[in-house]
Amino acid sequence: MHELWGYERLFLTVERLASIIGPALHGAGYAITTDPLTAPLLAVISPEVTIRVEPDGYDFTDRYDVPTWAGLVVGFDLPTSRQLAKRWASGKGKPKTGRFVSCWDEYESLVLKWTTPQVAARVVEQHPVVVMDEAAGLNLLDLLDEPTALDYEWDERTLEPLGLAIATADRTWYVPTTDMRVRDVVRRNILRGLPTIWHGARADLGTQWPGDPLEAFGAPIDDTMIEAYLVDERDLHLKYLARTLLGRQPMAYPGDLRRLPLPTVARYAGADARNTFDLHLHLLGRLAATGQLSVYYDIERPLVPVIASMERYGSRIDAEATLHLHTNVHHAERGLRADLWRRYRLDVDDPLQARRIVEVAAGMDPGTVDKRVLTMIPHPAVDAVIGYRNLLTLRRNFLDKHIGRWVEAGAPNDYRVYPRFNQAGSMDEGKRAPRTGRLSSADPNLQNQPRFIRDIFVPPPGATWVSGDYSGLELHIAAALSGDPTMLGALNSGQDLHGLFKARIEQIGGRAIERIVAKSGNFEQLYGGGAKKLMEIVARERIFIDIDTAKAIVSGHEQTFPRYHQWAKDKVVEARAKGYAETLFGRRRYLPELYWGDEERRGNAERAAVNTPIQGTAADVAKIAMARLVPILRHYGAHLNLQVHDELDAWVYDRAEQFKDGMVEVMESVEIPGLRLKVEAGVGSTWGGAH
């Protein structure tokens, strides 16, 4: 019997297919050994040809994952197969109705058949995965005394552990377990100082730590996702990093681990732990080579249990207040809509008719109802259109979503949101955190919650909300880094810097401006915004200045703070020479766009070269303060729940004023050479009331 191998699969030419078909029809025996993707296609050649399907070691993720491939096999097109694969991954099981019902059994058997150890994630040959039972696995964990990579597998609905993969320098194990004691053993190991390595540690600690993950603060917990983020890897998925940095080919697995054969699960999870351990060694070398070790060890690594704790306990929302506010906003929407209808017989809810309202009232066609365009038109009717659209955004993007989450949770009396704080990036989407080092959040994004609805965020019953906010942090940092004597003199003496600038502009230009315009000019000119940009910014407050006034403010800023502007120019030159901008604490932001020919992209990179030392240093300050706050949190029994821009928020059950004073002292202890930072703090029954 002749045999052809899998590398001839889809690339067989018509002639070669004919050479197979011909002898087969005349009774000659041929066998084709191929992969599962190609087998259904070659099966049509002839019943005389034997199709022997064997995995060929090819990385299926570069073609289709197994669940998508199985959908193609049972007869669906590619988009439908992907939908079917999503259903499989969700673990919903066989549908009761719909197009997937009739094929589900065949589909499921295909997925399970081909998700085997032979086609699962390939582990380095010299590190085979040893499967241990629960008792042996717990005993092994107790005996470990060397750096160890850990990877939990858990039920996404109940958060109960399904297994634990373990890797040391030369061994890899997998322990399939639902025994809750595994959490206690891992906790005990971490608290006794056993170095552990994770990929996305705050997710594992936040779901699997027995109690408050803040207890692990100070323990040697490494996170390869954060390490990769600091060395400027753009994709933070573990499998991507294993491919690109270790030259391995890990494969995605379909859905619920409990539905897969144990050898498959062991190989998959073991590969994750193995790759995490080896990535850590690789990334430590790059951190050292790029001068990022101190940023990692002093700023980022200590925050892992802090952020895990924030995610574990979430932030409480007053459902009744949310419903009340939703009703009021909806009434305001309807009132504005009705008023504009009475005046113009046009419906502001329709974008085309809203555009017509502006045209009729202001005597000009804006061409669009984009907010950036409307804000530049000074007219009461435009104010009403903008106001309506703002209310609509507030209700739909924030209040509706908060209420939707509350209803989905079963409308509990004690309702909380549990945002993901992305210190490095998102495990689900692989997106990086902001390149300045800012802590972002998602589901919900607490960084963009309007101040108007902050009163719906409340502490637990019997507790008090405490908020600490750095006052003018970016201005303070800009003054310190540039050494501008006018900025430093005003800030160190407690003088109103915006008032000083207002007076200076009125003196230079001979025209009066409002303080809010001077304040906007101060902040905007830190990063080199032009006159038109300044006009747009103040127009958002429905304050309108002409181009000559805007130009006078831009020019006046350079005259008032010449040392700062020289420093900003020097930072662009320095970043172009190095390829990156740097914060006061050494965090790097690489800026390849500085060398691009595209003028707009290059200009954005030049502004980033200036704002990174300022905004990035502000991010570092906030993170350092979060870590320093831990002893105060423990002393008062308080809980840190939010970090938003330059603000830290916590709740405490008693001695709120004393805790507030301690928070201020800790936050102001972060040192910026030549300048003492200032913090404004407050206490209240809501986030808005404390701020």
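As a starting point, this report considers the structure included with it. Because the structure is a prediction, the values reported are computed rather than measured.

A few words on the overall build of the protein. Summing up its helical and strand segments, the protein has 28 helices and 20 strands in all. Per-residue burial for the protein yields a buried fraction of 53% across its 691 residues. Considering only contacts within the protein whose residues lie at least 6 apart along the sequence, 67% involve residues at least 24 apart. By element, 51% of the accessible surface of the protein is carried by carbon and sulfur atoms, the whole surface being about 30,700 Å².

In the structure shown here, the tally under the stated rule is 13 aromatic pairs. Ring geometry for Phe 501 versus Phe 561: centroids 6.0 Å apart, planes at 40°, classification tilted. Of this pair, Phe 501 sits in helix α20 (residues 497-509) while Phe 561 sits in the loop between α23 (547-560) and α24 (562-578); the two residues are 60 residues apart in sequence, bridging distant segments of the chain. Among the residues examined, Phe 561 registers a relative accessible area of 0% and is labelled buried. Each residue in the set Trp 88, Trp 104 and Tyr 107 is aromatic and connected to the rest through ring pairs, giving one cluster.

Any two packed helices are characterised by the angle at which their axes cross and by the distance between the axes. Taken N-terminus to C-terminus, the directions of helix α3 (residues 66-73) and helix α4 (residues 78-90) make an angle of 130°; their axes are 8 Å apart at the nearest point. It follows that α3 is oblique to α4 by the angle criterion. Of the two possible hands of crossing, α3 and α4 adopt the one that is right-handed. Residues Pro 67, Thr 68, Gly 71 and Leu 72 of α3 form the contact with α4, whose own contacting residues are Leu 78, Ser 81, Arg 82, Leu 84, Ala 85 and Trp 88. Of the residues belonging to the contact of α3 with α4, the class tally is six nonpolar, three polar and one charged.

Secondary-structure assignment places Thr 686 in the loop between β20 (679-684) and α28 (687-690). The class for Thr 686 is buried, based on a relative accessible area of 13%. Polar side-chain contacts of Thr 686 include one of 2.6 Å to the side chain of Asp 455. From its side chain, Thr 686 meets the backbone nitrogen of Gly 688 in a polar contact 3.5 Å long. Not counting residues up to four positions away in its chain, the partners in contact with Thr 686 are Arg 454, Asp 455, Phe 457, Val 458 and Trp 465.

If the charged atoms of two oppositely charged side chains come close together, the side chains can form a pair. For the structure shown, the criterion picks out 39 salt bridges. The closest approach of N and O atoms between Asp 278 and Arg 248, which form a salt bridge, is 2.8 Å. In this pair, Asp 278 sits in helix α11 (residues 262-289) while Arg 248 sits in the loop between α10 (238-246) and α11, placing the two residues 30 residues apart along the sequence. The pair formed by Asp 278 and Arg 248 is uniform in burial state, with each residue classed as buried.

A few words on the sheet that holds strand β8 (residues 196-198). Taken together, the six strands give an open sheet; going across it, the order is β4-β7-β6-β5-β8-β9, and neighbouring strands pair in mixed fashion. Each edge of the open sheet is held by one strand with a lone partner, namely β4 (129-131) and β9 (221-223). Averaged over all neighbouring strand pairs, the angle between strand axes comes to 25°, with direction disregarded. Of the pairings in the sheet, the one linking strand β5 (residues 148-154) to strand β6 (residues 161-167) comprises six bridges and is antiparallel in character. Note on β6: the bridge partner recorded for Tyr 152 is Leu 164.

All right, on to the side chain of Arg 420 then. By the element assignment, Arg 420 lies in strand β12 (residues 420-422). In terms of polar contacts, Arg 420 uses its side chain to reach the side chain of Asp 443, at 2.4 Å.

What follows is about the sheet that holds strand β11 (residues 415-417). Strands pair in a sheet through their backbones, by hydrogen bonds, and they do so in one of two ways: parallel or antiparallel. If you walk across this open sheet you meet the three strands as β11-β10-β14, and the pairing is antiparallel. Edge positions in the sheet fall to β11 and β14 (457-458), since each has one partner strand and no second. Examined bridge by bridge, strand β10 (residues 315-317) and β11 share three bridges and lie antiparallel to one another. The partner of Ser 315 across the bridge, within β11, is Val 417. Running over the sheet, helix α17 (residues 380-408) touches β10, β11 and β14 and is turned about 120° from β11.

Here we take up helix α19 (residues 485-493). Where α19 is concerned, the buried positions are Met 487, Leu 488, Ala 490 and Leu 491. Viewed end-on, α19 has its buried residues packed into an arc of 170°, placing them on one side of the element. Along α19, exposed side chains directed more than 90 degrees from the buried face belong to Pro 485 and Ser 493. For α19, the N-terminal cap is Asp 484; the gap from its side-chain oxygen to the backbone nitrogen of Thr 486 is 3.0 Å. Phi for Gly 494, located one or two positions after α19, is positive at around 80°.

This part takes up unusual backbone geometry. Cis geometry is found at the peptide bond from Asp 443 to Pro 444, where omega equals -5°. By secondary structure assignment, the location of Pro 444 is in the loop between β13 (440-442) and β14. Of note in the backbone geometry, Arg 542 takes a positive phi value of approximately 60° without being a glycine. As for its placement among the helices and strands, Arg 542 is situated in the loop between α22 (531-539) and α23. You can call Arg 542 partly exposed: its relative accessible area is 24%.

What follows deals with the nonpolar core. By size, the foremost hydrophobic cluster in this structure holds 142 residues, and its most contacted members are Tyr 564 and Phe 659. Considering each element in turn, this core owes the most residues, eleven residues, to helix α25 (residues 599-628). Look past the residues within four positions of Phe 659 in its chain and what remains in contact with it is Val 466, Ile 632, Leu 633, Tyr 636, Ala 638, Ala 650 and Val 652. Formed by 15 residues, the second largest nonpolar core is a distinct cluster that contains Leu 340, Ala 354, Val 358 and Leu 374.

Where helix α18 (residues 473-482) meets α19, the axes come as close as 8 Å, and the angle between the chain directions of the two elements is 130°. The angle between α18 and α19 places the two elements in the oblique class. Along this stretch, α18 crosses α19, giving a crossing that reads as left-handed. Residues Leu 475, His 476, Ala 478, Ala 479 and Ala 480 of α18 lie in contact with α19, whose contacting residues are Met 487, Leu 488 and Leu 491. The residue inventory of the contact of α18 with α19, partitioned by class, reads seven nonpolar, one polar and no charged.

The rules we used
- Residues numbered from 1 in each chain as written.
- Predicted model: local features only at pLDDT ≥ 70, side-chain atom pairs only at ≥ 80, totals over all residues.
- Heavy atoms only, no water.
- Helix = DSSP H or I, 4+ residues; strand = E, 2+ residues; numbered from the N terminus.
- Buried < 20%, exposed > 50% of the residue type's maximum accessible area, 1.4 Å probe, protein only.
- Contact = heavy atoms within 4.5 Å.
- Areas by Shrake-Rupley, 256 points an atom, 1.4 Å probe, with all protein chains shown as cover.
- Phe/Tyr/Trp six-rings, centres within 6.5 Å; stacked < 30°, edge-to-face > 60°.
- Axes fitted to C-alpha atoms, helices over the stretch in contact; angles between N-to-C directions.
- Parallel < 35°, antiparallel > 145°, perpendicular 65-115°, else oblique.
- Left-handed = near helix turned anticlockwise from the far one by under 90°.
- Nonpolar A, V, L, I, M, F, W, Y, C, P; charged D, E, K, R; others polar.
- Polar contact = N/O pair within 3.5 Å; in protein donor to acceptor, adjacent residues only side chain to side chain.
- Salt bridge = Lys/Arg side-chain N within 4 Å of Asp/Glu carboxyl O.
- Pairing = 2+ DSSP bridges.
- Arc of directions from axis to C-beta.
- Core = buried A, V, L, I, M, F, W, Y, C linked by side-chain atoms within 4.5 Å.

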